[in-house]
Amino acid sequence: MVDYCRMNNTNIKSAENAVIDINPIPYLTWTWLKINKDSVSYDFSFTENNGTDIQIPSNVSVSTGKTVKTELPEPESSIGAEATQLITAAAAGKIYTFEKSKEETKPLIIRIKAESNSATYNIIHAKAGADAKVIIVYEGAAALSGVVTKIYAEDDANVQITKVQLFDKSVNQIDDTQVVCGERAKASLIQVVLGGSHTDASFHATLAGYQSKFISDTAYLCRENQYIDMNQTVVHTGKKTDCNMKTDGTVKDSATKTYRGTIDMRRGCSGSTGNEMETTLLLSPQAVVKAAPIILCGEDDISAEHGSTIGKLSPEMLFYMNSRGIDQNTAEALLTRAKITATAANIPEDSVREEINQWLNRELGED
């Protein structure tokens with residue numbers, strides 16, 4: 001199923017810059033829909049920027065490198081091989097290794113302040129039975145931020161990754177999260193995308209182990225002339241695996257948002273389940289919204305559902321708000337805020353939730 005509103009081509013910068021394809025859809029659809037990929041033209045002269053470690057839990061060790069020792073398969077990229085190579089080649093790589101701990105630990109907090117074209121390559125390695133909570137906050141006013149985050153969740157590990165994007169409106173970002181799960185491992189990803197100019201925010205999760213699980217919760221605000229392009233893929237190869245993908249946001253003004261969401265049930269993943277739901281509040285006739293939720297079935301004994309909804313503020317809801325003294329602009333701001341705060345409520349750090357709330361107060365008005 002492909003849902004789309006008015007089509008619009010991605011803005012391509014000067015031909016002097018490198019032009020590459022980003023976020024290719026796993027299986028091509030009709031070209032005229034303009035949803036198979038995103039194409040960007042940037043200066044890819046990166047400077048390494050792996051961020052500042054604000055808080056490191058006691059069960060975490062930090063080292064430099066681009067690989068880890070594991071029996072798990074290598075996680076895959078959603079942004080594409082060329083973009084991944086450009087980013088990872090520019091950074092030495094930083095590895096955070098989480099050991100199993102009997103005590104509950106605080107989350108690892110990394111702040112990435114981009115002030116020039118920056119490349120970030122971080123690896124999260126959760127050993128067997130480890131609990132890992134990681135929060136990455138993006139800020140700054142660089143021209144381009146390229147980020148690759150790899151997550152290895154060994155058997156029985158529980159990993160929660162949070163990414164909060166608060167860039168200046170001038171920043172372009174390519175952000176790829178790559179996940180692989182062992183037996184009974186669980187990985188969850190929270191994404192909040194608020195700032196930036198042209199943002200490619202994507203993830204690819206491989207459920208390789210028996211009864212492994214992946215959950216994603218993405219919230220965004222796309223406004224003015226912003227462009228957000230998402231490519232979300234979960235591949236089931238292990239038996240009795242499960243995924244639940246939720247994406248919810250608002251598009252207004254002359255903004256553009258593209259969503260690709262794929263659940264790939266491969267042969268051998270019998271007993272697996274998957275659910276994918278993408279919802280957009282569309283607040284302007286000039287805005288562009290495209291969505292392609294996809295389910296690929298290579299196994300008989302599976303259960304999977306998907307859906308995509310694009311809608312505006314209903315007359316009934318607007319009448320209800322008006323009858324209580326709330327005008328249309330305020331009603332739209334309240335609903336926009338609610339989508340973001342519902343996702344942000346799951347972030348395990350009060351200061352980061354407050355930072356999001358302050359951003360919303362500044363951009364949408366006081367609650």
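Rules behind the numbers
- Residues numbered from 1 in each chain as written.
- Predicted model: local features only at pLDDT ≥ 70, side-chain atom pairs only at ≥ 80, totals over all residues.
- Heavy atoms only, no water.
- Helix = DSSP H or I, 4+ residues; strand = E, 2+ residues; numbered from the N terminus.
- Rg over C-alpha atoms; globule rule 2.2 N^0.38 Å.
- Buried < 20%, exposed > 50% of the residue type's maximum accessible area, 1.4 Å probe, protein only.
- Contact = heavy atoms within 4.5 Å.
- Areas by Shrake-Rupley, 256 points an atom, 1.4 Å probe, with all protein chains shown as cover.
- Lys, Arg positive; Asp, Glu negative; His and termini not counted.
- Charge placed at Lys NZ, Arg CZ, Asp CG, Glu CD.
- Phe/Tyr/Trp six-rings, centres within 6.5 Å; stacked < 30°, edge-to-face > 60°.
- Pairing = 2+ DSSP bridges.
- Axes fitted to C-alpha atoms, helices over the stretch in contact; angles between N-to-C directions.
- Salt bridge = Lys/Arg side-chain N within 4 Å of Asp/Glu carboxyl O.
- UniProt positions renumbered as here; feature names shortened; annotations may be inferred.
- Expected span 1.5 Å × (residues − 1).

## So, the overall build of the protein
(1) Moving on: Each helix and strand counted, the protein has four helices and 22 strands in total.
(2) Moving on: A compact globule built from 367 residues would reach a C-alpha radius of gyration of about 21 Å, and the protein, at 20 Å, matches this within 12%.
(3) Moving on: For the C-alpha atoms alone, the extent of the protein along its principal axes is close to 55 × 50 × 45 Å.
(4) Moving on: For the protein, the residues scored as buried account for 56% of the 367 residues in total.
(5) Moving on: For the protein, the proportion of contacts with a sequence separation of at least 24, taken over those separated by at least 6, is 86%.
(6) Moving on: Counting every atom, the protein has about 15,300 Å² of accessible surface; 48% of that belongs to carbon and sulfur.
(7) Moving on: Side chains of the protein carry 36 positive and 48 negative charges; the gap between the two charge centres is 1 Å.

## Side note on the packing of aromatic side chains
(1) Moving on: For the structure shown, the criterion picks out four aromatic pairs.
(2) Moving on: A ring pair is formed by Phe44 and Phe46, whose centres lie 5.9 Å apart and whose planes are at 70 degrees; its orientation type is edge-to-face.
(3) Moving on: Judged by relative accessible area, which is 14%, Phe44 ranks as buried.
(4) Moving on: Pairwise contacts between aromatic rings join Tyr42, Phe44 and Phe46 into one cluster.

## So, the sheet that holds strand 8 (residues 108-114)
(1) Moving on: If you trace the nine strands from one edge of the open sheet to the other, you get 5-8-10-12-14-16-18-20-22, paired in mixed fashion. Of all the strands in the sheet, just strand 5 (52-55) and strand 22 (302-311) have a single pairing partner and so form its edges. On average, adjacent strands in this sheet sit at an angle of 10 degrees to one another, irrespective of strand direction.
(2) Moving on: Where helix 4 (residues 350-364) meets the sheet, it contacts strand 8, strand 10 (131-140), strand 12 (158-165), strand 14 (186-193) and strand 16 (213-222), and its direction lies at approximately 30 degrees from that of strand 10.

## Describing the pairing of strand 3 (residues 38-42)
(1) Moving on: Of all the five residues making up strand 3, five are buried; the element is thus mostly covered by neighbouring parts of the structure.
(2) Moving on: The side-chain alternation of strand 3 yields two buried faces, one formed by Asp38, Val40 and Tyr42 and the other by Ser39 and Ser41.
(3) Moving on: By the bridge criterion, five bridges tie strand 2 (residues 18-22) to strand 3 in an arrangement that is antiparallel. Across the sheet, Ile22 pairs through a bridge with Asp38, a residue of strand 3.

## Some points on the pattern of salt bridges
(1) Moving on: Tallied over the entire structure, the rule returns 19 salt bridges.
(2) Moving on: Between Lys37 and Asp21 there is a salt bridge whose closest N-O contact spans 3.1 Å. Within this pair, whereas Lys37 is found in the loop between strand 2 and strand 3, its partner Asp21 is found in strand 2, the two being separated by 16 residues in sequence.
(3) Moving on: Take Lys37: its relative accessible area is 42%, and that puts it in the partly exposed class.
(4) Moving on: On the basis of relative accessible area, Asp21 is assigned to the partly exposed category, the value being 35%.
(5) Moving on: Ionic pairing is found between Glu355 and Arg111, a salt bridge with its closest N-O pair at 2.7 Å. Of the two residues, Glu355 sits in helix 4 while Arg111 sits in strand 8, which places them 244 residues apart along the sequence.
(6) Moving on: Several salt bridges share partner residues, and in doing so they unite Arg111, Glu139 and Glu355 into one network.

## Some words on the UniProt feature "domain: SUF system FeS cluster assembly SufBD core" (unreviewed entry) in the protein
(1) Moving on: When the UniProt feature table is mapped onto this chain, "domain: SUF system FeS cluster assembly SufBD core" (unreviewed entry) is found at residues 116-338.
(2) Moving on: Regarding residues 116-338, the helix share stands at 9% and the strand share at 61%, and the terminal C-alpha atoms are separated by 33 Å.

## What about helix 3 (residues 328-344)?
(1) Moving on: For helix 3, built from 17 residues, the straight-helix expectation of 24 Å at 1.5 Å per residue is met to within 8% by its first-to-last C-alpha distance of 24 Å.
(2) Moving on: Along helix 3, the residues classified as buried are Ala331, Glu332, Ala333, Thr336, Arg337, Lys339, Ile340, Thr343 and Ala344.
(3) Moving on: Turning to helix 3, the residues buried within the fold contact strand 14, strand 16, strand 18 (242-251), strand 20 (272-282), helix 2 (315-322) and helix 4.

## A closer look at the environment of Phe214
(1) Moving on: Residue placement: Phe214 occurs in strand 16.
(2) Moving on: Looking at Phe214, the relative accessible area reads 1%, which means it is buried.
(3) Moving on: Through-space distance from the C-alpha of Phe214 to that of Thr162 is 14 Å; in sequence the pair is 52 residues apart.
(4) Moving on: Ignoring anything within four residues of it in the chain, the contact list for Phe214 reads Val179, Ala187, Leu189, Phe203, Ala205, Leu207, Val234, Asp242, Cys243 and Asn244.

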